[in-house]
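What follows is the residue order along each chain.
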Amino acid sequence: MSVYIWRILIVKVFSGSFQFDFWGKLEAVMRQKGHIFDVLVILVFLLSVSTITKASESKEGFKRCEHIVKQWASSSLDSEVKDDKHVLQNLLFFLHVPRTGGRTYFHCFLKKLYASSLECPRSYDKLRIDPRKPKCRLLVTHDDYSMMSKLPKDETSVVTIIRNPIDRVFSTYEFSIEVAARFLVHPNLTSATKMSGRLRSKNTISTLDIWPWKYLVPWMREDLFARREARKQNGHSVATSTNPYDMEEMVMPLHEYINNPIARDILHNGATFQVAGLTNNSYLTEAHDVRHCVLKYQTLGDYVLKVAKKRLDDMLYVGLTDNHKESATMFANVVGTQAISQFTGSTSHGDHAAKNNSEQSSSLVESDFDANYHQSNSSYQKPSQISSAERGEATKENMTAGKLMNAYESCISNLMKTQSERRVNSLKKISPANFTKEGRRQVSEALLQEISSLNSLDVELYKYAQTIFANQHKRMLQNKVVTEGLDNWFDDSYSAYSWEAISIAIAIAVLFVLLFAVLFVTAKRRTSKLKL
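For the structure given in this document, a descriptive report is provided here. Quick caveat: nothing in here was measured; it's all calculated off a predicted structure.

Once that is clear, we can look at the pairing of strand 1 (residues 91-95). Of all five residues in strand 1, five are buried, a share of seventy percent or more. Burial of the side chains of strand 1 extends over both faces: L91, F93 and L95 are buried on one face and L92 and F94 on the other. Bridge count between strand 1 and strand 3 (residues 156-162): five bridges; the pairing is parallel. What sits directly across from F94, in strand 3, is V159. With four bridges joining them, strand 1 and strand 2 (residues 138-141) adopt parallel strand pairing. Among the inter-strand pairings, F94 is bridged to a residue of strand 2, identified as V140.

Once that is clear, we can look at the packing of aromatic side chains. Within the structure shown, the criterion is met by 18 aromatic pairs. Geometrically, the ring pair formed by F94 and F331 is tilted, given 6.5 Å between the ring centres and 35° between the ring planes. In this pair, F94 is assigned in strand 1 and F331 in helix 13 (residues 324-344), connecting sequence segments 237 residues apart. Judged by its relative accessible area of 0%, F331 falls in the buried class. Relative to F343, the ring of Y114 lies with its centre 5.3 Å away and its plane at 90°, an arrangement referred to as edge-to-face. Here Y114, found in the loop between helix 4 (102-113) and strand 2, pairs with F343, found in helix 13; they are 229 residues apart in sequence, far enough to count as distant. The exposure classification of Y114 matches that of F343, with both residues buried. Members of the aromatic cluster, joined through ring pairs, are F94, Y105, F109, Y317, F331 and Y408. The residue whose ring lies beneath R99 is F175, and the NZ or CZ to ring-centre distance is 4.2 Å. The ring of F183 is capped by R221, whose NZ or CZ atom sits 4.8 Å from the centre of that ring.

Conventions adopted
Residues numbered from 1 in each chain as written. Predicted model: local features only at pLDDT ≥ 70, side-chain atom pairs only at ≥ 80, totals over all residues. Heavy atoms only, no water. Buried < 20%, exposed > 50% of the residue type's maximum accessible area, 1.4 Å probe, protein only. Helix = DSSP H or I, 4+ residues; strand = E, 2+ residues; numbered from the N terminus. Pairing = 2+ DSSP bridges. Phe/Tyr/Trp six-rings, centres within 6.5 Å; stacked < 30°, edge-to-face > 60°. Lys NZ or Arg CZ within 6 Å of the ring centre and 35° of its normal.

So, in structure tokens, the structure goes:
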């Protein structure tokens, strides 16, 4: 009987199919005494074959994925680099990585440099404007780098801000819950969902229209309502934990949040995927396959990281959220002065000695609004075609880098106050889950290490961004020295010229006086002779 089963087994293995008749015969053999050993051998053999088959399929899958990722990376790295990446082009694309403080740059820098009429349709608060808008000069959006496929590459400068990955995960977690908590004014999830639908039908822009919040906020909103309902049913209204990041009665604990498939797909290594142009919001047709392969085989992430680093290298400016004061100063000098120069038609880069008269918090604010609809190529006009009426506030006021920084500090102070009030009101609905810097200290070192491990690509990209930032700072100081040297040379030259002119004028005046005196004396002598 066992010989018969072995024959069937060999045939089935090589034919690649196991039908019910085989398993039925195997079961019959197992029921007979004296064949237990044969059955065990067959089972071991089947497990071995299954393992080998899966390993073979995994190997083939890896090879296929490696080919896909390598092909994408090769085409991305082969793209041409502009001759001078340090020169601001006609179009400025601000690639806003979520929770990095980009919103403050938009309100407190860019809106002072660029008039609203020059903002591209995908800029904040401009979601439903005709994309074929003329004089499009400023694009600020959460879209990833694939947006460049819709823009004129030779006429576009890209800037971005990178944040410490652990801090960005904390901020994303907190903001997701903060926005979702605003819906808790409704009696239930159904009511909240209906309200959101009514707002959308009125063309009102909300966070739910914006990537990545359109995925993260509904997820947290549903979770908050479920936990509130559970508290009602269990009769518990007070959290047992004092750690706001592990207060499961009120909100989803941080450790649960970071391990959810949604967070793994959108949040982790989000900066790297966004700079590389591979988010789930990408315009690239191959983005889905590349993302799938990298998420499945982590070693392939090195190719994505390499592309993201090159993209940072090619940018006009790379800021750091954690060095926001120095980053803001650099932005004012690197981007601000060139924008002012373009619109005013001046070759001067203004005052490079930006001054900061007050200390600002390192916690930058964000807003709810961003662009999230398809963008087609627009008609871009040269700086000479921009009328004085279309210039930003800064260019109308003869703004310098120093004045721009002062305006920025005043603006960010107001924004932070507004955002803080809104945050407090929102978190009251899930009290005592109040997220603060002190609260973050209660998070275990093991969880911090897990966050770092889940964001290994972003950790490396952040380190690389720090190097770029240091080089930018060095270059800015060198330009400052050169500019100040030229200014001093002109001042010294003017001063020397002035003293020389004064000396000549005095000498001429003295000669004139002497000549007048000689003529006067000579005339007087002649008069005396005539009298005699």
